[in-house]
Amino acid sequence: MAELLGYPATIVGLPEVVAALGMVPPARLGRPAVSEVALNGGQALRAELASFAEAIRTCRDQRQALAASYPDDVIAEMPLESLDIQWREAQTKMWPLAGIAKTKLQKLLQSYANGGTADPATDIAALKRLLRAQGLVAQSPLSALPGFVGERPDIAALSAVLDEADGFAKLEARLTDAGVPCARLMEQRASLIQRDGGGFEPLLRRLAAAETALAADMLASQPGAATQMCLLISLCRILPPSKRCKRGCPIG
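Being a predicted model, the structure only gives us computed values, none of them experimental.

It is worth spelling out the overall build of the chain at this point. For the chain, the helix and strand inventory stands at 12 helices and two strands. Traced from its N-terminal end to its C-terminal end, the chain shows the element sequence α-α-α-α-β-α-α-α-β-α-α-α-α-α. Within the chain, buried positions represent 36% of all 252 residues. Considering only contacts within the chain whose residues lie at least 6 apart along the sequence, 67% involve residues at least 24 apart.

Under the definition given, this model contains one aromatic pair. Aromatic side chains F52 and F148 sit 5.7 Å apart centroid to centroid with 40° between the ring planes, which places their arrangement in the tilted category. Taken as a pair, F52 in helix α4 (residues 49-65) and F148 in the loop between α8 (120-139) and α9 (155-177) lie far apart in primary sequence, 96 residues in all. Overall, the relative accessible area of 2% leaves F52 in the buried class.

Glancing now at the environment of G147. Among the secondary structure elements, G147 is positioned in the loop between α8 and α9. G147 gets classed as exposed once you look at its relative accessible area, which sits at 53%. Counting along the chain gives 10 residues from G147 to A157, while the straight-line C-alpha distance between them is 7.3 Å.

Assignment of secondary structure puts G116 in strand β2 (residues 115-116). Classification of G116 as exposed rests on a relative accessible area of 51%. Between the C-alpha atoms of G116 and Y70, which are 46 residues apart in sequence, the distance is 9.1 Å. Apart from the residues within four sequence positions on either side, G116 is in contact with A67, A68 and Q110.

Moving on, we come to helix α6 (residues 80-92). Taking 1.5 Å as the rise per residue, α6 with 13 residues should run 18 Å; its terminal C-alpha atoms sit 19 Å apart, in good agreement. Burial in α6 covers these residues: L80, L83, D84, W87 and A90. Taken end-on, α6 shows its buried residues confined to a sector of 125°, consistent with a single buried face. For α6, exposure combined with an orientation more than 90 degrees from the buried face picks out E81, R88 and T92. Each element contacted by the buried residues of α6 is listed here: α7 (97-110) and α8.

For the structure on display, the rule yields 14 salt bridges. We note a salt bridge from D166 to R46, for which the minimum N-O separation is 2.8 Å. You can see D166 sitting in helix α9 and its partner R46 sitting in helix α3 (residues 43-47), a full 120 residues away along the chain. For D166, a relative accessible area of 18% gives the class buried. A salt bridge links R205 to D196; its shortest N-O distance comes to 3.9 Å. Look at D196 and you get buried, because its relative accessible area is 13%.

Our next topic: unusual backbone geometry. Across the junction of W95 and P96, the peptide omega takes the value 5°, indicating a cis bond. Its location among the elements puts P96 in the loop between α6 and α7. Positive phi outside glycine occurs at D196, with the angle close to 60°. Summarising the element assignment, D196 is placed in the loop between α10 (182-192) and α11 (201-218).

Here we take up the packing of α6 against α8. Packing of α6 against α8 brings their axes to within 10 Å, and their N-to-C directions diverge by 150°. One element, α6, and the other, α8, form an angle in the roughly antiparallel class. With respect to the hand of their crossing, α6 and α8 are arranged in left-handed fashion. Between α6 and α8, the residues in contact are L80, E81, L83, D84 and W87 and P120, A121, I124, L127, K128 and L131, respectively. Residue classes in the contact of α6 with α8 are distributed as eight nonpolar, no polar and three charged.

Definitions and cut-offs
- Residues numbered from 1 in each chain as written.
- Predicted model: local features only at pLDDT ≥ 70, side-chain atom pairs only at ≥ 80, totals over all residues.
- Heavy atoms only, no water.
- Helix = DSSP H or I, 4+ residues; strand = E, 2+ residues; numbered from the N terminus.
- Buried < 20%, exposed > 50% of the residue type's maximum accessible area, 1.4 Å probe, protein only.
- Contact = heavy atoms within 4.5 Å.
- Phe/Tyr/Trp six-rings, centres within 6.5 Å; stacked < 30°, edge-to-face > 60°.
- Expected span 1.5 Å × (residues − 1).
- Arc of directions from axis to C-beta.
- Salt bridge = Lys/Arg side-chain N within 4 Å of Asp/Glu carboxyl O.
- Axes fitted to C-alpha atoms, helices over the stretch in contact; angles between N-to-C directions.
- Parallel < 35°, antiparallel > 145°, perpendicular 65-115°, else oblique.
- Left-handed = near helix turned anticlockwise from the far one by under 90°.
- Nonpolar A, V, L, I, M, F, W, Y, C, P; charged D, E, K, R; others polar.

Distances and angles like these do not, on their own, reveal function.
Here is the structure:
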């Protein structure tokens, strides 16, 4: 019977087979979809969380440091390095040339703002730091995760996406340890990572219901037989019809 599911019969027996099957319903029923990006990225993506969160904080702090407000698309086009040089040069001039140069630069900076009063003394440096941080956010591998919304993401939500992928990866590892061939897992992954197990949801619900009902009915009188029967029912449910006899039992 183990061989019918793709299990190596010489390595794993019926208890291991059905124990593996029994892991799937509780692990996928009631669970959200698993991000394939998060699943493939593994710990490398989780390692990005700290630096990503720091870049987000930098964006927030630098926006708060601005005396005026500037549209993001305008910030990306501003000649910040040139403005910074002009500001430094203005500070080296003698009076009244310094005042004239600073006023001219302030008016130029103000032309990029869409609110507030621009202040070259604070805004140029803050805009440069903001632009660098925005670049880090946009280039982060986490940007490929569902729920990513630029520099205003929900870090907890992104972490939850990674947690869900970790849980699924551990499920696959347990199934592999129980003897399920990796090739079989890869065949079923596309469906199982969907919410509630995707196309397997009806089957998983039948499996879970059958095991729960049998355990409740038999535990009081035949505790040893309860587990054995649940395993057999699970195996019958998971096998395709061509592998069952007329009564629905496994062939072999």
